[in-house]
Amino acid sequence: MSAELSRRLVSVSQKMLTQSLRNLERDGLLTRTVTPSVPVRVDYALTPLGDSLVPVMQAIKAWAEENMDEVLAARSGYDATA
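Residues numbered from 1 in each chain as written. Predicted model: local features only at pLDDT ≥ 70, side-chain atom pairs only at ≥ 80, totals over all residues. Heavy atoms only, no water.

(A) Layout of the pairing of strand β2 (residues 41-46). Where strand β1 (residues 30-35) and β2 come together, 6 bridges link them in antiparallel fashion. Within β2, the position partnered with Arg 32 by the bridge is Tyr 44. Linking two consecutive strands that pair antiparallel, namely β1 and β2, is a turn of 5 residues. (Pairing = 2+ DSSP bridges. Helix = DSSP H or I, 4+ residues; strand = E, 2+ residues; numbered from the N terminus.)

(B) Inspection of the pattern of salt bridges at higher detail. As enumerated under the stated definition, the model contains 2 salt bridges in all. Measuring nitrogen to oxygen at the nearest pair gives 2.8 Å for the salt bridge that ties Asp 43 to Arg 41. On the basis of relative accessible area, Asp 43 is assigned to the partly exposed category, the value being 22%. Under the relative-accessibility criterion, Arg 41 is labelled partly exposed at 48%. Between Glu 65 and Lys 61 there is a salt bridge, with its nearest N and O atoms 2.7 Å apart. Linking Glu 65 with Lys 61, this pair stays in helix α4 (residues 54-81), spanning 4 residues, or about one helical turn. (Salt bridge = Lys/Arg side-chain N within 4 Å of Asp/Glu carboxyl O. Buried < 20%, exposed > 50% of the residue type's maximum accessible area, 1.4 Å probe, protein only.)

(C) Spatial organisation of unusual backbone geometry. The amide bond that connects Val 38 to the next residue, Pro 39, takes the cis arrangement and shows omega of -10 degrees. Within the secondary structure, Pro 39 sits in the loop between β1 and β2.

(D) Quick look at a nonpolar patch on the surface. Taken together, the side chains of Leu 53, Val 56, Met 57 and Ile 60 make up a nonpolar region of the molecular surface, amounting to roughly 350 Å² of accessible area. By secondary structure assignment, the location of Leu 53 is in the loop between α3 (48-51) and α4. (Patch = residues over 30% accessible without salt bridge, like charges linked within 9 Å, V, L, I, M, F, W, Y side chains within 5 Å. Areas by Shrake-Rupley, 256 points an atom, 1.4 Å probe, with all protein chains shown as cover.)

(E) Structural view of the nonpolar core. Residues Leu 17, Leu 21, Leu 30, Val 42 and Tyr 44 constitute the largest nonpolar core, which totals 5 residues. Counting residues per element, the ones that place at least two in this core are α2 (14-26) and β2. (Core = buried A, V, L, I, M, F, W, Y, C linked by side-chain atoms within 4.5 Å.)

(F) Quick look at the confidence of the model for the protein. In this model, the protein carries an average pLDDT of 91, and 98% of its residues clear a pLDDT of 70 or more. Per-element averaging of pLDDT across the protein places helix α1 (residues 2-8) at the bottom with 72 and α3 at the top with 98. (pLDDT = per-residue confidence, 0-100.)

If you want it as structure tokens, here you go:
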């Protein structure tokens, strides 16, 4: 799964992705399963605690999509005066 995440998050370095996944695991939001194979396979899954964040993240995503034009306009206005 981390290889899949790396492909989807091209602007995130492997080091930063690994560090973030380990922090999420430490916080109890993910589980990490290593399958010894060639190459080694590492899978991540949401824990019940992590799964409880899904509705919150969906709401944040919806808000961002609804308000992006206004945010971009505010940035442009700010940048024009800075």
